[in-house]
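# Overview (structure and organization)
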Amino acid sequence: MQTTDTVLMIEPIAFGFNEETAKNNYFQIEQKGFDIQFKALTEFKAFVDKLRSRGINVITIKDTLDPHTPDSIFPNNWVSFHKDGKVVMYPMFASNRRVERREDIIDSIKEQGFEVTEIDDWSFPEMQGHFLEGTGSMIFDHDNKLAYGSVSLRLDENLFREFCEKYGFTPVVFHSFQTVGEERLPIYHTNVMMCVADQFVVICLDCIDNELERSKVVETIKNSGKEIIEISEAQMQQFAGNMLQVHNNDGEKFLVMSETAYKSLDADQVSAIEKYCEIIYSDLNTIEVNGGGSARCMLAEVFLPKK
């Protein structure tokens with residue numbers, strides 16, 4: 001199944017601008033002059049409430065003050081939870097993000113009645129400078145066993161192919177770029193430029209500069225039977241690619257995004273999405289600006305079997 005009814009979210013305790021990740025996350029802008037942690041926590045709680053009000057199961061776990069992890073609000077980069085009971089931990093680019101990997105979080109998930117059969121630790125390549133940042137860097141089409149990956153410092157192509165081989169996915173490898181000043185620079189995570197849902201894919205094709213790669217991605221999506229809903233690079237900059245489809249206890253499906261992303265969409269794009277599912281959006285502006293990530297980055301899907 002493409003979607004889950006349960007997500008893990010990490011409640012921030014010392015959220016802020018992370019200088020380490022800002023080296024190649026061009027979405028980040030440091031804001032000053034107000035309490036960023038307070039605003040981020042307010043946005044986080046309102047977002048959780050919106051999801052729960054629609055019947056989506058949200059497991060929230062508080063971050064810790066020590067060690068300081070300014071980006072812990074984005075757990076989907078260091079961990080993924082699979083339907084066969086496996087939990088995968090990933091190699092992270094920023095050293096201050098590596099300490100986000102906490103086995104006590106996995107223990108808390110187990111206490112919620114989920115079964116964990118194995119913890120598969122892929123973190124070791126980070127010591128050699130090779131990274132694969134979870135479902136930030138890889139976008140899974142679970143139904144068709146496809147994995148989309150845009151090569152960047154945070155997605156090592158060899159590691160990606162190795163992961164796909166082990167977990168039974170066909171890798172779809174490409175390169176995507178955004179305009180920063182006068183330059184075309186690699187997009188740091190695939191999940192800011194595309195989202196795969198059960199019957200459609202939201203994607204910024206303008207970011208894939210190589211025509212052959214772009215054609216291959218389009219052909220793969222079409223062959224998978226999903227509708228392409230295209231967004232512009234300007235919309236991608238507003239986090240319109242950073243979305244996640246989930247379902248609730250009644251099986252109703254929703255596409256989750258930020259208010260910034262929603263407001264960037266035009267009427268036709270909204271209609272195209274709403275043919276398939278309802279949209280949930282929430283104000284995440286402080287988190288987006290300072291953290292350089294949005295709604296999808298805050299949600300780690302839990303596909304684990306129930307005990």
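Above: the structure in question.
Everything quoted here is computed from the prediction, not taken from an experiment.

So, on to the overall build of the chain. From N to C terminus, the chain includes 10 helices and 17 strands. Whereas a compact globule of 307 residues would reach a radius of gyration of roughly 19 Å, the chain reaches 18 Å, a difference of no more than 12%. Principal-axis analysis of the C-alpha atoms gives the chain an extent of 50 × 45 × 45 Å. Each of the 307 residues in the chain was classed as buried or not, and the buried ones make up 59%. Once local pairs closer than 6 in sequence are excluded, the contacts in the chain between residues at least 24 apart make up 74%. When the accessible surface of the chain is summed, it comes to about 12,400 Å², and 47% of that surface belongs to carbon and sulfur atoms. Distance between charge centres in the chain, computed from 30 positive and 50 negative side chains, equals 3 Å.

Core analysis: the biggest nonpolar cluster contains 38 residues, and Y148, M193, M194, I203 and I273 have the highest contact counts within it. Those elements that provide at least two residues to this core are β7 (146-150), β8 (170-174), β11 (194-196), β12 (200-203), α6 (211-223), β15 (253-258) and α9 (267-274). Examining the composition of this core, we find that four residues originate from one element, β12, more than from any other. Counting 24 residues, the second largest nonpolar core, distinct from the first, contains I56, L284, C297 and L299.

For the structure shown, the criterion picks out eight aromatic pairs. When the centroid spacing of 6.0 Å and the interplanar angle of 20° are considered together, the rings of F140 and F163 count as stacked. Placement of the pair is F140 in strand β6 (residues 138-141) and F163 in helix α5 (residues 157-167), with a sequence separation of 23 residues. Centroid distance Y262 to Y281: 4.1 Å. Interplanar angle 10°. Geometry classified as stacked. One end of the pair, Y262, is in helix α8 (residues 259-264); the other, Y281, is in strand β16 (residues 278-282), and 19 residues separate them in sequence. Overall, the relative accessible area of 24% leaves Y262 in the partly exposed class.

Quick look at the sheet that holds strand β5 (residues 118-121) now. Taken in spatial order, the three strands line up as β3-β4-β5 in an open sheet, and their pairing is mixed. Bordering the open sheet on either side are β3 (79-81) and β5, each of which pairs with just one other strand. For this sheet, the mean inter-axis angle between neighbouring strands, taken without regard to orientation, is 20°. Judged from the three bridges that link them, β3 and strand β4 (residues 86-89) form a sheet pairing that is antiparallel. Residue pairing in the sheet places F81 in a bridge with V87 of β4. On top of the sheet, helix α3 (residues 103-111) reaches β3, β4 and β5; it is set at about 160° to β4, its chief contact.

Here we come to the pairing of β4. In the case of a regular strand, side chains alternate between the two sheet surfaces. Turn length for the β3-β4 hairpin, with the two strands adjacent in sequence and antiparallel, is four residues, and the turn residue G85 shows positive phi of about 95°. Bridge count between β4 and β5: four bridges; the pairing is parallel. Paired with V88 across the two strands is D120, which belongs to β5.

Below, the discussion takes up the side chain of D141. Assignment of secondary structure puts D141 in strand β6. Look at D141 and you get buried, because its relative accessible area is 0%. At 3.3 Å, the side chain of D141 and the backbone nitrogen of D143 are in polar contact. Look past the residues within four positions of D141 in its chain and what remains in contact with it is Q2, L146, Y148, F169, V196, S224 and K226.

Here the structure, examined in full by the defined rule, presents 17 salt bridges. A salt bridge links D198 to K253; the nearest nitrogen and oxygen atoms lie 2.8 Å apart. Residue D198 is found in the loop between β11 and β12, and its partner K253 is found in strand β15; the two are separated by 55 residues along the sequence. It is possible to trace a salt-bridge network through shared partners that takes in D63, R102 and D104.

Looking now at the sheet that holds strand β1 (residues 6-11). Spatially, three strands are ordered β2-β1-β17 in an open sheet, and the strand pairing comes out mixed. In this open sheet, the two edge strands, each paired with only one partner strand, are β2 (57-62) and β17 (300-301). As paired strands, β1 and β2 are joined by six bridges and run parallel to one another. Along β2, the bridge assignment pairs V7 with V58.

Cut-offs applied
- Residues numbered from 1 in each chain as written.
- Predicted model: local features only at pLDDT ≥ 70, side-chain atom pairs only at ≥ 80, totals over all residues.
- Heavy atoms only, no water.
- Helix = DSSP H or I, 4+ residues; strand = E, 2+ residues; numbered from the N terminus.
- Rg over C-alpha atoms; globule rule 2.2 N^0.38 Å.
- Buried < 20%, exposed > 50% of the residue type's maximum accessible area, 1.4 Å probe, protein only.
- Contact = heavy atoms within 4.5 Å.
- Areas by Shrake-Rupley, 256 points an atom, 1.4 Å probe, with all protein chains shown as cover.
- Lys, Arg positive; Asp, Glu negative; His and termini not counted.
- Charge placed at Lys NZ, Arg CZ, Asp CG, Glu CD.
- Core = buried A, V, L, I, M, F, W, Y, C linked by side-chain atoms within 4.5 Å.
- Phe/Tyr/Trp six-rings, centres within 6.5 Å; stacked < 30°, edge-to-face > 60°.
- Pairing = 2+ DSSP bridges.
- Axes fitted to C-alpha atoms, helices over the stretch in contact; angles between N-to-C directions.
- Polar contact = N/O pair within 3.5 Å; in protein donor to acceptor, adjacent residues only side chain to side chain.
- Salt bridge = Lys/Arg side-chain N within 4 Å of Asp/Glu carboxyl O.

Shape is all these values report; function is a separate question.
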